[in-house]
2 protein chains.
Amino acid sequence: MSNKSSKVIILTGASRGIGLVIAHYLLSHADKHRLVVTARSEKPLKELEQQYPGQVAVLTGDASDLSLGGKAVELAEDRWQRLDGVIINHGVLDPVTRVANAKAEDWRKAFDINFFSAVALVQVALPALRDSKGAIIFTSSGAASRGFPTWGAYGAAKAAMNHLAMTLGSEEKEITSIAIRPGVVDTEMQREVREKHNGVMDEEHVKHFASLKSDGHLLKAELPGHVMAKLVLDPPRDLNGHFLDWNAGELKAYQEM
Amino acid sequence: MSNKSSKVIILTGASRGIGLVIAHYLLSHADKHRLVVTARSEKPLKELEQQYPGQVAVLTGDASDLSLGGKAVELAEDRWQRLDGVIINHGVLDPVTRVANAKAEDWRKAFDINFFSAVALVQVALPALRDSKGAIIFTSSGAASRGFPTWGAYGAAKAAMNHLAMTLGSEEKEITSIAIRPGVVDTEMQREVREKHNGVMDEEHVKHFASLKSDGHLLKAELPGHVMAKLVLDPPRDLNGHFLDWNAGELKAYQEM
């Protein structure tokens, strides 16, 4: 790859939703960026590899396996000898249940996937990201900053993730770490909210999410996805450590509106 | 115990610091409140038991054992057939190190002690607390809302704890859940900061904490401790789910200043 502007990015949760949108944006870019893509399902990752020959390295695995992040960094360095950015985008909403009905063990598993995997990946990626003065972009959630019945485990893990971005902001001045709230996006996670969790969640919230879908008010994944893709390519260093809405005023230059 | 105003409280981390101050406040109260006290060290708990006969049930154990919370609730109910409040006060600052030098596995262990233990205890305590319209008071930290170099694991777990209080605020309307920032208190944790972590932390922060001690500006544990004790006895229902400084204006009625 002779293009000097071509960057090497690790993207987790790349098989669908916001992750898949980010993958297409970066891979179809004129600079032909190169991606290590991770997800549980191999097929969509292999399709990216075929569609963008030479630009994609596939790593399948479950994010609860804390060694996956290290393997992703190794793959990027073995294949392309550099790393410019990491987008930590994978996550699960489960367990969706009230604290009263929860099991602490299930919260631990949710944190393995949604949070400790991020700590593990970041930790291994930092030396290469310092070299490239790179970026870490986190897919966070509005659930991080409010108490939403039945979403306690998810929201607490996202609050911890936002805190991790803050800590990195204070510790790693050469790297830009930003957590993004993508809004309520028309993805598989929202389908699960409507079809799988509707019996557990409060009725008002079930109705709210259902009407966002039926009224066409769910965001297209391209809106926050493209902001995140542009952020990893050209990170605003003055926002290091921040948690921001995808459509925040500070990110105007990254938005397509 | 014939005193109808005598409440039954579970207090974790009761062996020293803020926890021990809370224990003495509640046990020496005219209403002779009764406590299940937990900590790793048995001796200080046994001393409380001897000093306040009939008012103390001792449970020693490591908070990373997620079954400890259930045992505490069982002990309160077996001994006194009720539960009016829980103060989740135990915690450890370790691992104190930059994310770059951290191991995700050490973060997991820190969350077992500082966070998942709280989820486990709360989950078992909720039915009894609904019956008593009781309270859950969390010892949080200012580190929850800022990125402080080398304190990432501790701060992220406290951010998750504050989120748990928010979720409980939204799910459990009969119970009052409040997270308190106790400020920088003259306890064993601060001694560790000065004597054990001074080689790892940034020099400016080491100096800051050292000068708080030498200038006599560390808070006495009684100040936040008594606020927390009064909160568990007479919780302000309108602050359910909040994270508040011990000396916040909203808590004026609980402060001794």
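Since this is a predicted model, take the numbers as computed values, not measurements.

Looking now at helix α7 (residues 203-214) of chain B. Residues and elements named next belong to chain B. Taking 1.5 Å of rise per residue, 12 residues should cover 16 Å, and α7 covers 16 Å from first to last C-alpha, within 8% of that figure. When we look at burial in α7, the residues that qualify are His 205, Phe 209 and Leu 212. All buried residues of α7 lie within an arc of 55 degrees about the axis, which places them on one face of the element. Exposed residues pointing more than 90 degrees away from the buried face of α7 are listed as Glu 203, Glu 204, Lys 207 and Ser 214. Tucked into the core, α7 has its buried residues touching α6 (188-195).

To continue, consider the relation of the copies chain A and chain B. Overlay of chain A on chain B (RMSD 0.0 Å): rotation 180 degrees, translation along the axis 0.0 Å. Both chain copies can therefore be described as sitting about a two-fold axis. The overlap is high: 100% of the interface residues of chain A also sit at the interface in chain B, so the same surface is used on both sides.

Residues and elements named next belong to chain B. The strand order β3-β2-β1-β4-β5-β6-β7 describes an open sheet built from 7 strands, whose pairing is parallel. In this open sheet, the two edge strands, each paired with only one partner strand, are β3 (56-60) and β7 (243-245). Here the strands of the sheet are splayed against their neighbours by 20 degrees on average, with no regard to which way each runs. Relative to strand β4 (residues 85-88), strand β1 (residues 8-12) runs parallel, the two sharing 3 bridges. Note on β4: the bridge partner recorded for Ile 10 is Val 86. Relative to the sheet, helix α2 (residues 42-51) contacts β2 (34-39) and β3, its axis offset from that of β3 by approximately 170 degrees. Along the sheet, helix α8 (residues 222-233) makes contact with β1, β4, β5 (135-139) and β6 (176-181), crossing β5 at roughly 160 degrees.

Moving on: the UniProt feature "domain: Ketoreductase" (unreviewed entry) in chain A. The UniProt record annotates "domain: Ketoreductase" (unreviewed entry) at residues 7-188 of chain A. Taken end to end, residues 7-188 of chain A is 46% helix and 17% strand, and its first and last C-alpha atoms sit 29 Å apart.

Turning next to the packing of aromatic side chains. Between two aromatic rings, the relevant description is the distance of the centres plus the angle of the planes. Counted by the stated rule, this structure contains 22 aromatic pairs over all chains. Taking the centre distance of 6.0 Å and the plane angle of 45 degrees together, the rings of Phe 115 of chain A and Trp 107 of chain B count as tilted. A residue pair is termed interchain when its members come from two chains, as with Phe 115 of chain A in helix α4 (residues 104-132) and Trp 107 of chain B in helix α4 (residues 104-132). Plain terms: the ring middles of Trp 151 of chain B and Phe 209 of chain B are 5.6 Å apart, the flat faces sit at 5 degrees to each other, and that makes the pair stacked. Of the two residues, Trp 151 of chain B is situated in the loop between β5 and α5 (152-171) and Phe 209 of chain B in helix α7; the sequence distance between them amounts to 58 residues.

Time to look at the environment of Leu 83 of chain A. Residues and elements named next belong to chain A. Turning to its location among the elements, Leu 83 is positioned in the loop between α3 (68-80) and β4 (85-88). Taking the relative accessible area as the measure of exposure, Leu 83 reaches 1% and is therefore buried. Note: C-alpha distance between Leu 83 and Leu 126 (43 residues apart in sequence) is 9.5 Å. If we skip the residues at most four places from it in the chain, Leu 83 touches Val 8, Ile 9, Ile 10, Ala 76, Ala 125, Ala 128, Leu 129 and Ser 132.

This part covers the side chain of Ser 132 of chain B. Residue and element names in this part refer to chain B. Here Ser 132 lies in helix α4. Polar contacts involving the side chain of Ser 132 include one to the main-chain carbonyl oxygen of Leu 83, which spans 2.6 Å. For Ser 132, the side chain forms a polar contact with the main-chain oxygen of Leu 129, separated by 3.3 Å. Leave out the neighbours within four places in its chain, and Ser 132 touches Arg 82, Leu 83 and Asp 84.

What follows concerns the pattern of salt bridges. Applying the stated criterion across every chain, the model contains 33 salt bridges over all chains. A salt bridge links Arg 98 of chain A to Asp 202 of chain A; its shortest N-O distance comes to 2.3 Å. Here Arg 98 of chain A is found in the loop between β4 and α4, whereas its partner Asp 202 of chain A is found in the loop between α6 (188-195) and α7 (203-214), with 104 residues between them in sequence. For Arg 108 of chain A, the salt bridge goes to Glu 105 of chain A, with nearest N and O atoms at 3.4 Å. Of this pair, Arg 108 of chain A and Glu 105 of chain A both sit in helix α4, separated by 3 residues, roughly a single helical turn. Owing to a relative accessible area of 16%, Arg 108 of chain A belongs among the buried residues under this scheme. Residue class for Glu 105 of chain A comes out partly exposed when judged on its relative accessible area of 37%. Three or more residues are tied together by salt bridges with common partners; here these are Glu 105 and Arg 108 of chain A together with Asp 112 of chain B.

Basis of the calculations
Residues numbered from 1 in each chain as written. Chains lettered and ligands numbered in written order. Predicted model: local features only at pLDDT ≥ 70, side-chain atom pairs only at ≥ 80, totals over all residues. Heavy atoms only, no water. Helix = DSSP H or I, 4+ residues; strand = E, 2+ residues; numbered from the N terminus. Expected span 1.5 Å × (residues − 1). Buried < 20%, exposed > 50% of the residue type's maximum accessible area, 1.4 Å probe, protein only. Arc of directions from axis to C-beta. Contact = heavy atoms within 4.5 Å. Least-squares fit on C-alpha atoms with pLDDT ≥ 70 in both. Pairing = 2+ DSSP bridges. Axes fitted to C-alpha atoms, helices over the stretch in contact; angles between N-to-C directions. UniProt positions renumbered as here; feature names shortened; annotations may be inferred. Phe/Tyr/Trp six-rings, centres within 6.5 Å; stacked < 30°, edge-to-face > 60°. Polar contact = N/O pair within 3.5 Å; in protein donor to acceptor, adjacent residues only side chain to side chain. Salt bridge = Lys/Arg side-chain N within 4 Å of Asp/Glu carboxyl O.

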